[in-house]
Amino acid sequence: MPHVTSKIFYDQDADLSALAGMTVAVVGYGNQGRAQALNIRDAGLSVIVGNIADASFAQAQADGFATFPIAGACAQADVVLLLVPDEVMPKVYTEHVVPHLRAGAVLDFASGYNVAFGLIVPPANIDVILIAPRMIGLGVRDTVVAGKGFPSFIALHQDATGQGMARLLALAKAVGTTRAGCLLMSMHDEAALDLFTEQAFGPAFGQVMMSAIETLIDAGYPPEAVLLELYLSGELIYSFQKILEVGMLKQMDYHSHTSQYGTVTRSAKFADLDLKSRMRAVLREIQDGTFAREWSDMQAQGAGMFERVRELRAQLPLNEWETRARRAFKIGDAG
Ligand code: NDP
(Lines give C-alpha, C1' and ligand atoms only; values in the text may rest on other atoms or scores of the structure.)
Protein backbone atom coordinates (compact mmCIF):
# COMPACT_ATOMS: atom_id res chain seq x y z
CA MET A 1 0.00 0.00 0.00
CA PRO A 2 1.35 3.48 -0.81
CA HIS A 3 1.98 5.77 2.13
CA VAL A 4 -0.38 8.73 2.23
CA THR A 5 1.14 12.01 3.33
CA SER A 6 -0.27 12.99 6.70
CA LYS A 7 -1.88 16.35 7.21
CA ILE A 8 -1.16 17.75 10.66
CA PHE A 9 -2.83 20.83 12.13
CA TYR A 10 -1.52 23.20 14.80
CA ASP A 11 -2.79 26.22 16.76
CA GLN A 12 -2.18 28.63 13.89
CA ASP A 13 -4.51 26.58 11.64
CA ALA A 14 -7.46 26.90 14.04
CA ASP A 15 -9.73 29.81 14.91
CA LEU A 16 -11.95 29.64 18.00
CA SER A 17 -14.40 32.09 16.42
CA ALA A 18 -15.86 29.16 14.42
CA LEU A 19 -17.61 28.23 17.70
CA ALA A 20 -18.41 31.76 18.86
CA GLY A 21 -21.65 32.05 20.79
CA MET A 22 -22.20 28.30 20.82
CA THR A 23 -22.98 26.16 23.85
CA VAL A 24 -20.77 23.10 24.23
CA ALA A 25 -22.28 20.12 26.11
CA VAL A 26 -19.84 17.57 27.48
CA VAL A 27 -21.78 14.32 27.88
CA GLY A 28 -20.05 11.98 30.33
CA TYR A 29 -17.91 13.65 32.99
CA GLY A 30 -15.34 10.88 33.34
CA ASN A 31 -11.68 10.48 32.37
CA GLN A 32 -11.91 12.41 29.12
CA GLY A 33 -15.05 14.39 29.91
CA ARG A 34 -13.71 16.21 32.95
CA ALA A 35 -10.35 17.01 31.34
CA GLN A 36 -11.87 18.24 28.08
CA ALA A 37 -14.62 20.26 29.79
CA LEU A 38 -12.07 22.09 31.96
CA ASN A 39 -9.79 22.78 28.99
CA ILE A 40 -12.63 24.06 26.78
CA ARG A 41 -13.93 26.32 29.55
CA ASP A 42 -10.42 27.70 30.10
CA ALA A 43 -10.27 28.44 26.35
CA GLY A 44 -13.24 30.80 26.87
CA LEU A 45 -16.13 28.77 25.44
CA SER A 46 -19.45 28.23 27.18
CA VAL A 47 -19.54 24.67 28.57
CA ILE A 48 -22.34 22.71 30.25
CA VAL A 49 -22.25 19.07 31.36
CA GLY A 50 -24.70 16.20 30.81
CA ASN A 51 -24.35 13.13 33.04
CA ILE A 52 -26.31 10.44 34.82
CA ALA A 53 -26.97 11.20 38.51
CA ASP A 54 -23.81 9.78 40.04
CA ALA A 55 -20.49 10.83 41.56
CA SER A 56 -19.36 12.28 38.21
CA PHE A 57 -22.47 14.51 38.17
CA ALA A 58 -21.57 15.80 41.64
CA GLN A 59 -17.95 16.33 40.53
CA ALA A 60 -19.09 18.42 37.54
CA GLN A 61 -21.19 20.58 39.85
CA ALA A 62 -18.31 20.91 42.31
CA ASP A 63 -16.12 22.05 39.39
CA GLY A 64 -18.64 24.83 38.76
CA PHE A 65 -20.39 23.53 35.64
CA ALA A 66 -24.12 23.85 35.04
CA THR A 67 -24.95 20.13 35.03
CA PHE A 68 -28.04 18.43 33.59
CA PRO A 69 -29.40 15.00 32.70
CA ILE A 70 -27.90 14.00 29.33
CA ALA A 71 -31.04 14.73 27.30
CA GLY A 72 -31.42 18.16 28.92
CA ALA A 73 -27.82 19.12 28.16
CA CYS A 74 -28.11 17.99 24.52
CA ALA A 75 -31.32 19.98 24.05
CA GLN A 76 -29.45 23.20 24.94
CA ALA A 77 -26.29 22.49 22.98
CA ASP A 78 -24.85 23.51 19.63
CA VAL A 79 -21.87 21.20 20.12
CA VAL A 80 -22.11 17.83 21.89
CA LEU A 81 -19.02 15.89 23.01
CA LEU A 82 -20.08 12.27 23.50
CA LEU A 83 -17.60 11.05 26.12
CA VAL A 84 -19.27 8.05 27.74
CA PRO A 85 -17.68 4.56 27.56
CA ASP A 86 -17.78 3.13 24.03
CA GLU A 87 -19.79 0.04 24.99
CA VAL A 88 -22.71 2.03 26.46
CA MET A 89 -22.50 4.82 23.88
CA PRO A 90 -24.96 3.47 21.25
CA LYS A 91 -27.73 3.13 23.87
CA VAL A 92 -27.01 6.53 25.45
CA TYR A 93 -26.87 8.10 21.98
CA THR A 94 -30.16 6.55 20.81
CA GLU A 95 -32.14 7.21 23.98
CA HIS A 96 -30.78 10.53 25.27
CA VAL A 97 -28.71 12.30 22.62
CA VAL A 98 -29.99 12.01 19.04
CA PRO A 99 -33.63 12.89 19.81
CA HIS A 100 -32.42 16.28 21.08
CA LEU A 101 -29.77 17.24 18.51
CA ARG A 102 -30.54 20.36 16.51
CA ALA A 103 -30.03 20.52 12.75
CA GLY A 104 -26.60 22.03 12.13
CA ALA A 105 -25.21 20.90 15.48
CA VAL A 106 -21.77 19.39 15.94
CA LEU A 107 -21.42 15.88 17.36
CA ASP A 108 -17.89 15.09 18.56
CA PHE A 109 -16.41 11.73 19.55
CA ALA A 110 -13.12 10.86 21.27
CA SER A 111 -13.05 7.39 19.72
CA GLY A 112 -14.04 6.45 16.16
CA TYR A 113 -15.23 2.96 17.11
CA ASN A 114 -19.02 3.23 17.16
CA VAL A 115 -19.37 5.36 14.03
CA ALA A 116 -16.67 3.46 12.13
CA PHE A 117 -18.39 0.11 12.65
CA GLY A 118 -21.95 1.35 12.12
CA LEU A 119 -23.13 1.07 15.73
CA ILE A 120 -24.01 4.76 15.64
CA VAL A 121 -25.31 6.30 12.41
CA PRO A 122 -25.75 10.05 12.94
CA PRO A 123 -28.45 11.96 11.05
CA ALA A 124 -27.36 13.69 7.83
CA ASN A 125 -28.14 17.20 9.09
CA ILE A 126 -25.33 17.51 11.66
CA ASP A 127 -21.54 17.81 11.51
CA VAL A 128 -19.81 14.70 12.87
CA ILE A 129 -16.22 15.03 14.04
CA LEU A 130 -13.57 13.11 15.94
CA ILE A 131 -10.93 14.41 18.33
CA ALA A 132 -9.25 11.29 19.66
CA PRO A 133 -6.51 12.16 22.16
CA ARG A 134 -3.46 9.90 22.17
CA MET A 135 -3.46 10.57 25.90
CA ILE A 136 -5.35 9.48 29.01
CA GLY A 137 -7.73 12.01 30.55
CA LEU A 138 -5.36 13.11 33.31
CA GLY A 139 -2.72 13.90 30.68
CA VAL A 140 -5.26 15.80 28.57
CA ARG A 141 -5.67 18.20 31.49
CA ASP A 142 -2.14 18.20 32.91
CA THR A 143 -0.33 18.82 29.61
CA VAL A 144 -2.62 21.75 28.81
CA VAL A 145 -2.21 23.27 32.29
CA ALA A 146 1.55 22.89 31.74
CA GLY A 147 1.19 24.79 28.44
CA LYS A 148 2.22 21.91 26.17
CA GLY A 149 -0.91 20.13 24.96
CA PHE A 150 -1.12 16.57 23.65
CA PRO A 151 -1.34 14.93 20.18
CA SER A 152 -4.59 13.61 18.70
CA PHE A 153 -6.04 11.91 15.67
CA ILE A 154 -8.87 14.01 14.23
CA ALA A 155 -11.50 13.36 11.57
CA LEU A 156 -14.23 15.24 9.76
CA HIS A 157 -16.66 12.39 9.26
CA GLN A 158 -19.64 14.40 8.05
CA ASP A 159 -19.76 18.04 7.01
CA ALA A 160 -23.45 18.96 6.88
CA THR A 161 -22.97 22.70 7.38
CA GLY A 162 -19.90 23.38 5.25
CA GLN A 163 -18.35 24.69 8.48
CA GLY A 164 -17.28 21.27 9.72
CA MET A 165 -13.53 21.64 9.23
CA ALA A 166 -13.39 25.08 10.86
CA ARG A 167 -15.47 23.81 13.77
CA LEU A 168 -13.35 20.67 14.14
CA LEU A 169 -10.14 22.69 14.33
CA ALA A 170 -11.69 25.25 16.68
CA LEU A 171 -12.80 22.53 19.10
CA ALA A 172 -9.40 20.82 18.82
CA LYS A 173 -7.78 24.13 19.74
CA ALA A 174 -10.13 24.64 22.70
CA VAL A 175 -9.40 21.12 23.95
CA GLY A 176 -5.71 21.96 23.76
CA THR A 177 -4.55 19.43 21.21
CA THR A 178 -3.58 21.73 18.29
CA ARG A 179 -0.73 22.92 20.57
CA ALA A 180 1.00 19.58 20.05
CA GLY A 181 -0.49 18.64 16.66
CA CYS A 182 -3.55 16.87 15.26
CA LEU A 183 -3.28 14.32 12.50
CA LEU A 184 -6.25 14.21 10.11
CA MET A 185 -7.55 10.75 9.20
CA SER A 186 -10.86 8.86 8.97
CA MET A 187 -12.79 7.59 12.00
CA HIS A 188 -12.35 4.06 10.66
CA ASP A 189 -8.55 4.45 10.50
CA GLU A 190 -8.43 5.85 14.05
CA ALA A 191 -10.46 2.93 15.35
CA ALA A 192 -8.36 0.39 13.43
CA LEU A 193 -5.06 1.79 14.73
CA ASP A 194 -6.37 1.84 18.28
CA LEU A 195 -7.68 -1.73 18.10
CA PHE A 196 -4.50 -3.00 16.42
CA THR A 197 -2.39 -1.69 19.31
CA GLU A 198 -4.69 -3.49 21.75
CA GLN A 199 -5.06 -6.72 19.79
CA ALA A 200 -1.72 -7.26 18.04
CA PHE A 201 1.04 -5.15 19.55
CA GLY A 202 -0.14 -5.61 23.16
CA PRO A 203 -0.61 -9.40 23.06
CA ALA A 204 2.62 -9.96 21.09
CA PHE A 205 4.57 -7.79 23.52
CA GLY A 206 2.93 -9.61 26.46
CA GLN A 207 3.92 -12.94 24.94
CA VAL A 208 7.55 -11.79 24.66
CA MET A 209 7.51 -10.72 28.32
CA MET A 210 5.99 -13.97 29.55
CA SER A 211 8.33 -16.08 27.41
CA ALA A 212 11.35 -14.28 28.84
CA ILE A 213 10.08 -14.59 32.44
CA GLU A 214 9.32 -18.30 32.08
CA THR A 215 12.60 -19.09 30.28
CA LEU A 216 14.65 -17.55 33.08
CA ILE A 217 12.59 -18.97 35.95
CA ASP A 218 12.60 -22.44 34.32
CA ALA A 219 16.39 -22.10 34.14
CA GLY A 220 16.46 -21.68 37.92
CA TYR A 221 16.92 -17.94 38.38
CA PRO A 222 15.00 -16.51 41.39
CA PRO A 223 11.71 -14.85 40.38
CA GLU A 224 12.64 -11.62 42.20
CA ALA A 225 15.84 -11.36 40.16
CA VAL A 226 14.09 -12.16 36.88
CA LEU A 227 11.34 -9.59 37.33
CA LEU A 228 13.78 -6.94 38.52
CA GLU A 229 16.01 -7.62 35.53
CA LEU A 230 13.20 -7.58 32.96
CA TYR A 231 10.97 -4.71 34.10
CA LEU A 232 10.53 -4.02 37.81
CA SER A 233 13.75 -2.01 38.15
CA GLY A 234 12.29 0.71 35.91
CA GLU A 235 15.16 0.44 33.40
CA LEU A 236 12.71 -0.64 30.71
CA ILE A 237 10.60 2.47 31.26
CA TYR A 238 13.74 4.55 31.05
CA SER A 239 14.65 2.96 27.73
CA PHE A 240 11.13 3.62 26.41
CA GLN A 241 11.47 7.25 27.47
CA LYS A 242 14.69 7.44 25.45
CA ILE A 243 12.95 5.80 22.46
CA LEU A 244 10.41 8.59 22.69
CA GLU A 245 13.08 11.28 22.92
CA VAL A 246 15.71 10.15 20.40
CA GLY A 247 14.23 7.20 18.48
CA MET A 248 14.26 3.42 18.64
CA LEU A 249 17.62 2.91 16.92
CA LYS A 250 19.49 5.86 18.34
CA GLN A 251 18.63 4.99 21.94
CA MET A 252 20.82 1.90 21.51
CA ASP A 253 23.81 4.24 21.90
CA TYR A 254 22.88 4.58 25.59
CA HIS A 255 23.52 0.87 26.17
CA SER A 256 26.94 -0.74 26.74
CA HIS A 257 28.95 -2.09 23.82
CA THR A 258 28.42 -5.62 25.16
CA SER A 259 24.68 -4.98 25.14
CA GLN A 260 24.74 -3.53 21.64
CA TYR A 261 26.88 -6.35 20.23
CA GLY A 262 24.65 -9.02 21.79
CA THR A 263 21.44 -7.37 20.61
CA VAL A 264 22.65 -6.89 17.05
CA THR A 265 24.13 -10.37 16.61
CA ARG A 266 21.25 -12.25 18.29
CA SER A 267 18.41 -10.31 16.64
CA ALA A 268 18.60 -12.63 13.64
CA LYS A 269 17.61 -15.58 15.85
CA PHE A 270 14.19 -14.00 16.37
CA ALA A 271 13.74 -12.58 12.88
CA ASP A 272 11.75 -15.56 11.60
CA LEU A 273 9.00 -15.31 14.24
CA ASP A 274 5.76 -15.37 12.31
CA LEU A 275 4.49 -12.13 13.80
CA LYS A 276 3.58 -10.11 10.74
CA SER A 277 1.26 -12.64 9.13
CA ARG A 278 -0.58 -13.05 12.46
CA MET A 279 -0.73 -9.30 12.92
CA ARG A 280 -2.09 -8.90 9.38
CA ALA A 281 -4.82 -11.45 10.17
CA VAL A 282 -5.78 -9.53 13.32
CA LEU A 283 -5.77 -6.27 11.34
CA ARG A 284 -8.03 -7.76 8.64
CA GLU A 285 -10.59 -8.81 11.28
CA ILE A 286 -10.52 -5.29 12.67
CA GLN A 287 -10.82 -3.59 9.29
CA ASP A 288 -13.69 -5.70 7.95
CA GLY A 289 -15.75 -5.32 11.15
CA THR A 290 -15.44 -8.96 12.29
CA PHE A 291 -14.05 -7.92 15.67
CA ALA A 292 -16.72 -5.23 16.20
CA ARG A 293 -19.51 -7.75 15.44
CA GLU A 294 -17.97 -10.32 17.76
CA TRP A 295 -17.61 -7.79 20.59
CA SER A 296 -21.21 -6.58 20.15
CA ASP A 297 -22.45 -10.20 20.33
CA MET A 298 -20.40 -10.86 23.46
CA GLN A 299 -21.85 -7.77 25.16
CA ALA A 300 -25.37 -8.76 24.14
CA GLN A 301 -24.84 -12.19 25.70
CA GLY A 302 -23.93 -10.41 28.94
CA ALA A 303 -21.11 -12.90 29.47
CA GLY A 304 -19.27 -12.49 32.77
CA MET A 305 -16.04 -12.74 30.81
CA PHE A 306 -14.10 -10.10 32.68
CA GLU A 307 -14.85 -11.68 36.06
CA ARG A 308 -13.67 -15.05 34.76
CA VAL A 309 -10.49 -13.52 33.28
CA ARG A 310 -9.83 -11.72 36.59
CA GLU A 311 -10.26 -15.01 38.49
CA LEU A 312 -7.87 -16.82 36.14
CA ARG A 313 -5.35 -14.00 36.33
CA ALA A 314 -5.47 -14.02 40.13
CA GLN A 315 -4.33 -17.66 40.12
CA LEU A 316 -1.16 -17.04 38.08
CA PRO A 317 2.15 -17.35 40.00
CA LEU A 318 3.30 -14.06 38.46
CA ASN A 319 1.22 -12.16 41.08
CA GLU A 320 3.10 -13.79 43.94
CA TRP A 321 6.47 -13.28 42.26
CA GLU A 322 5.74 -9.59 41.67
CA THR A 323 4.58 -9.11 45.26
CA ARG A 324 7.77 -10.68 46.59
CA ALA A 325 9.98 -8.63 44.28
CA ARG A 326 8.16 -5.40 45.13
CA ARG A 327 8.56 -6.05 48.84
CA ALA A 328 12.19 -7.04 48.46
CA PHE A 329 13.13 -3.94 46.49
CA LYS A 330 10.63 -1.49 48.05
CA ILE A 331 8.94 -0.83 44.71
CA GLY A 332 5.65 1.09 44.41
CA ASP A 333 3.14 0.64 47.26
CA ALA A 334 5.44 -1.93 48.87
CA GLY A 335 8.04 0.85 49.29
P1 NDP B 1 -15.32 6.88 31.52
O2 NDP B 1 -15.27 5.42 31.81
O3 NDP B 1 -14.46 7.77 32.33
O4 NDP B 1 -16.86 7.31 31.64
C5 NDP B 1 -17.28 8.59 31.24
C6 NDP B 1 -18.59 8.95 31.89
O7 NDP B 1 -19.66 8.17 31.35
C8 NDP B 1 -18.61 8.78 33.40
O9 NDP B 1 -19.17 9.95 33.96
C10 NDP B 1 -19.52 7.60 33.56
O11 NDP B 1 -20.22 7.61 34.78
C12 NDP B 1 -20.51 7.79 32.44
N13 NDP B 1 -21.28 6.58 32.16
C14 NDP B 1 -20.91 5.29 32.38
N15 NDP B 1 -21.90 4.46 32.01
C16 NDP B 1 -22.92 5.23 31.59
C17 NDP B 1 -24.21 4.96 31.11
N18 NDP B 1 -24.68 3.70 30.98
N19 NDP B 1 -25.00 5.99 30.78
C20 NDP B 1 -24.56 7.26 30.87
N21 NDP B 1 -23.32 7.60 31.33
C22 NDP B 1 -22.52 6.58 31.68
O23 NDP B 1 -15.03 7.10 29.95
P24 NDP B 1 -13.69 7.62 29.26
O25 NDP B 1 -13.52 9.06 29.54
O26 NDP B 1 -12.57 6.68 29.55
O27 NDP B 1 -14.06 7.41 27.71
C28 NDP B 1 -14.90 8.34 27.04
C29 NDP B 1 -14.55 8.33 25.56
O30 NDP B 1 -13.20 8.77 25.42
C31 NDP B 1 -14.62 6.95 24.93
O32 NDP B 1 -15.07 7.10 23.60
C33 NDP B 1 -13.15 6.49 24.93
O34 NDP B 1 -12.86 5.54 23.91
C35 NDP B 1 -12.47 7.82 24.65
N36 NDP B 1 -11.07 7.88 25.03
C37 NDP B 1 -10.70 7.57 26.32
C38 NDP B 1 -9.39 7.68 26.72
C39 NDP B 1 -9.01 7.46 28.15
O40 NDP B 1 -7.90 7.80 28.50
N41 NDP B 1 -9.86 6.92 29.01
C42 NDP B 1 -8.33 8.06 25.77
C43 NDP B 1 -8.82 8.47 24.47
C44 NDP B 1 -10.15 8.34 24.13
P45 NDP B 1 -19.62 6.82 36.06
O46 NDP B 1 -18.53 7.72 36.57
O47 NDP B 1 -20.76 6.67 36.96
O48 NDP B 1 -19.09 5.50 35.54
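The preceding data block contains the structure.
First, a word on what this report is: a plain description of the structure on this page. Predicted model only: the values in this text are computed from it and were never measured.

**Structural notes on the overall build of the protein**
- A count of helices and strands for the protein gives 15 helices and nine strands.
- Taken along its principal axes, the extent of the C-alpha atoms in the protein is 65 × 45 × 40 Å.
- Counting the 335 residues in the protein, one finds 36% classified as buried.
- A separation threshold of at least 6 residues defines the contact pool for the protein, and within that pool the share at least 24 residues apart is 66%.
- As presented, the protein carries roughly 18,900 Å² of accessible surface, and 58% of it is formed by carbon and sulfur atoms.
- The averaged location of the 36 negative side-chain charges in the protein is 4 Å from the averaged location of its 27 positive side-chain charges.

**Some details on the pairing of strand β3 (residues 46-50)**
- Counting buried residues in β3 gives four out of five residues, a clear majority hidden from the surface.
- Pairing geometry for strand β2 (residues 23-27) and β3, over five bridges, is parallel. Note on β3: the bridge partner recorded for Val24 is Val47.
- Pairing of β3 with strand β4 (residues 67-68) involves two bridges; the strand directions are parallel. Paired with Gly50 across the bridge in β4 is Phe68.

**Notes on the nonpolar core**
- Formed by 35 residues in total, the largest nonpolar core has its most connected members in Ile40, Val79, Leu81 and Leu171.
- If one sorts the elements of this core by residue count, helix α7 (residues 164-175) sits on top with seven residues.
- In this structure Ile40 touches Val24, Leu45, Val47, Leu81, Leu171, Ala174 and Val175, once residues within four positions along its chain are discounted.
- In terms of nonpolar packing, the next biggest core, distinct from the first, is built from 26 residues, Val92, Ile120, Val128 and Met187 among them.

**Section: the site of the ligand**
- Lining the immediate environment of the ligand, one finds 23 residues, of which Asn31, Gln32, Asp54, Ser56 and Asp86 sit closest.
- Between the ligand and the protein, one listed contact pairs an oxygen atom with a backbone N or O atom of Tyr29 at 3.4 Å.
- Here an oxygen atom of the ligand and a backbone polar atom of Gln32 are 2.8 Å apart.
- For the ligand, the accessible surface in isolation is 890 Å², of which the surrounding protein chains cover 70%.
- Counting only elements with at least two residues in the shell around the ligand, the list comes to α1 (31-42) and α4 (89-97).
- Of the residues belonging to the shell around the ligand, the class tally is 13 nonpolar, eight polar and two charged.

Thresholds applied
Residues numbered from 1 in each chain as written. Predicted model: local features only at pLDDT ≥ 70, side-chain atom pairs only at ≥ 80, totals over all residues. Heavy atoms only, no water. Helix = DSSP H or I, 4+ residues; strand = E, 2+ residues; numbered from the N terminus. Buried < 20%, exposed > 50% of the residue type's maximum accessible area, 1.4 Å probe, protein only. Contact = heavy atoms within 4.5 Å. Areas by Shrake-Rupley, 256 points an atom, 1.4 Å probe, with all protein chains shown as cover. Lys, Arg positive; Asp, Glu negative; His and termini not counted. Charge placed at Lys NZ, Arg CZ, Asp CG, Glu CD. Pairing = 2+ DSSP bridges. Core = buried A, V, L, I, M, F, W, Y, C linked by side-chain atoms within 4.5 Å. Near = heavy atom within 4 Å. Polar contact = N/O pair within 3.5 Å; in protein donor to acceptor, adjacent residues only side chain to side chain. Nonpolar A, V, L, I, M, F, W, Y, C, P; charged D, E, K, R; others polar.

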